[in-house]
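Architecture and fold: a report
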Amino acid sequence: VLALAALLLAGARRMRPRGEPAGPAVPVSLVVPVAGGSGATAAGLASLLAQDHPDFEIVLVTEDDADDAVPGIRALLTAPAAGGCRRRIHVTAGPAAACAQKNLNLLAGVRASEPGRPVLAFCDAGHLAPAGWLRRLTAPLADEPGAVVTGYHDIRPVLPGVACAGRALTVLVLRLLQLVPGLAQPWGGAMAMTRSTFVTLDLDGFWSTQVVDDVSLARRLRERGARVLAVPETTMSTPPGSGGLREWAGWLTRQLYFLRVVFPLSWVVGGLLGWSMALLLAAAVGLAVAAASVPAAAALVAFTALAVALRRVHPEPGPAARWAAAGWVALVVGCVCHARSGFLRRLVWRGIAYGVAADGSVRVFRSRDRSSSTRVPS
């Protein structure tokens, strides 16, 4: 518990208020893969079109014209946009056969972008980008053109229930760990790199065989010795969805599945640490109740205090009692999802099932219903 607290404190110390991005803004191609239409998607895309970057294009990519998001995209293409938005287009990538559909969409977006723009930025559609987000995300590349810059997001637990707060706390922990030196990894929801770095890393070929964009990219960067820069001022806001336990567990299981596939050793070590903490705290509960053990009670208080302390670095955490309860629930859900991810052989997302072979190759199994989606069966 103390070690986790030290890591999170190290990340919290690197958080700072948003300020004006330093340095000149270079032309940017913003590639946004989109799948499915929803209010969150429409709001997220509108926030991207409103960015104050002085020179950017936005390339919206769907699998095909039958996607539910297409009518909303067509409306956005003619809606008012910020003055710096020089070009906005919609392209289709076609169905993926050897990689995740998102990866294929990303690559189609890069090919459709203007080659003269030196910076590529990538963003998911369902997050709200604050004012100045695109400038802050791309500004560090002026000083370190060979790096990959990443942002992250938070979830506002505006819905009732412990599950919504638990997911918000889980995302906050991951966000703080992103800011610890040496632990940063690219997050596919918001990242940027120079076009020359994209070519040097051969992402056109690499992503075309991968089941996920960001975790696979982290492995690629580690192999090539490239640096990841986490920029705390680029935090986006994500709507909480249904706020239910099923949605939270499905999302976390997917993340741990990606980790298991790409970084199996990290998956094992992280699981051992999580399960050890959960089992030792369970033992502490028994000792505190049955034997009135002071050290055991102190461990329980320390873990609860850590969860409550994290409220101070979340913009809208909600009631303290719910946040403290969410900390305990998050530990249990994390362990269950870790075990669940160990038995997965296929991952179902938006009606497409992805299977990963032992050599890392991806097999795609398509469903007729693309709306069924967040279930993660073994």
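The text that follows walks through the structure, step by step, so that each part is easy to find. (Residues numbered from 1 in each chain as written. Predicted model: local features only at pLDDT ≥ 70, side-chain atom pairs only at ≥ 80, totals over all residues. Heavy atoms only, no water.)

**So, the overall build of the protein chain**
Scanning the protein chain for helices and strands turns up 13 helices and twelve strands. In summary, the protein chain has a C-alpha radius of gyration of 21 Å against a globular reference of 21 Å for 378 residues, a match within 12%. By principal-axis analysis of the C-alpha atoms, the protein chain measures approximately 70 × 45 × 40 Å. Split into buried and exposed, the 378 residues of the protein chain put 50% on the buried side. Contacts spanning at least 24 positions in sequence make up 77% of the contacts within the protein chain whose residues lie at least 6 apart. Carbon and sulfur atoms form 62% of the exposed surface of the protein chain, whose accessible area is close to 16500 Å². One way to put it: in the protein chain the 37 positive side-chain charges average out to a point 6 Å from where the 24 negative ones average out. (Helix = DSSP H or I, 4+ residues; strand = E, 2+ residues; numbered from the N terminus. Rg over C-alpha atoms; globule rule 2.2 N^0.38 Å. Buried < 20%, exposed > 50% of the residue type's maximum accessible area, 1.4 Å probe, protein only. Contact = heavy atoms within 4.5 Å. Areas by Shrake-Rupley, 256 points an atom, 1.4 Å probe, with all protein chains shown as cover. Lys, Arg positive; Asp, Glu negative; His and termini not counted. Charge placed at Lys NZ, Arg CZ, Asp CG, Glu CD.)

**A closer look at the side chain of S237**
Among the secondary structure elements, S237 is positioned in strand β9 (residues 236-238). Discounting chain neighbours no more than four positions away, the residues touching S237 are H127, L128, D154 and R156.

**Quick notes on the pattern of salt bridges**
If you walk through the whole model with that rule in mind, you get 15 salt bridges. Among the salt bridges present, the one from E114 reaches R117, with a minimum N-O distance of 2.9 Å. You can call E114 partly exposed: its relative accessible area is 30%. Exposure remark for R117: the relative accessible area of 6% places this residue in the buried category. Salt-bridge contacts for E247 lead to R167; the nearest nitrogen and oxygen are separated by 3.4 Å. Pair noted here: E247 is in helix α10 (residues 245-262) and R167 is in helix α6 (residues 162-178), with a separation of 80 residues, a long-range link. Salt bridges sharing partners connect three or more residues here, namely D55, E57, R86, R87, E114 and R117. (Salt bridge = Lys/Arg side-chain N within 4 Å of Asp/Glu carboxyl O.)

**Focus on the state of the cysteines**
Summed over the entire model, instances satisfying the criterion amount to zero disulfides. Just so you know, C335 is unpaired, no disulfide at all, and the nearest cysteine sulfur is the one on C337, 9.5 Å from it. (Disulfide = S-S within 2.5 Å.)

**Some remarks on the side chain of R322**
Looking at where R322 falls in the secondary structure, it is placed in helix α13 (residues 320-343). In this structure, R322 is buried with no salt-bridge partner, the nearest side chain bearing the opposite charge being E316 at 9.0 Å. If sequence neighbours within four positions are ignored, R322 has contacts with P157, L159, P160, G161, V162, A165 and P317.

**A few points about the sheet that holds strand β1 (residues 28-33)**
Across the sheet, seven strands lie side by side as β3-β2-β1-β4-β7-β5-β8; this open sheet has mixed pairing. Unpaired on one side and paired on the other, β3 (85-92) and β8 (228-230) mark the two borders of the sheet. When the angles between neighbouring strand axes are averaged without regard to direction, this sheet yields 20°. Sheet strands touched by helix α2 (residues 39-49): β1, β2 (56-62), β3 and β4 (119-123). Its angle to β2, the strand with the most contacts, is close to 160°. (Pairing = 2+ DSSP bridges. Axes fitted to C-alpha atoms, helices over the stretch in contact; angles between N-to-C directions.)

**Considering α6**
Taking 1.5 Å of rise per residue, the 17 residues of α6 would be expected to cover 24 Å, and the 24 Å separating its terminal C-alpha atoms lies within 8% of that figure. The buried count for α6 comes to 14 of 17 residues, which makes it a mostly enclosed element. (Expected span 1.5 Å × (residues − 1).)

**Overview of a nonpolar patch on the surface**
Together, L265, V269 and L273 give the surface a local cluster of nonpolar side chains, amounting to about 320 Å² of exposed area. Here L273 shows up in helix α11 (residues 264-290). (Patch = residues over 30% accessible without salt bridge, like charges linked within 9 Å, V, L, I, M, F, W, Y side chains within 5 Å.)

**Looking at the environment of P315**
Position of P315 relative to the elements: it lies in the loop between α12 (294-309) and α13. The sequence separation of P315 and R156 amounts to 159 residues, and the corresponding C-alpha distance is 7.7 Å. With near-sequence residues (within four places) excluded, P315 lies in contact with D154 and R156.

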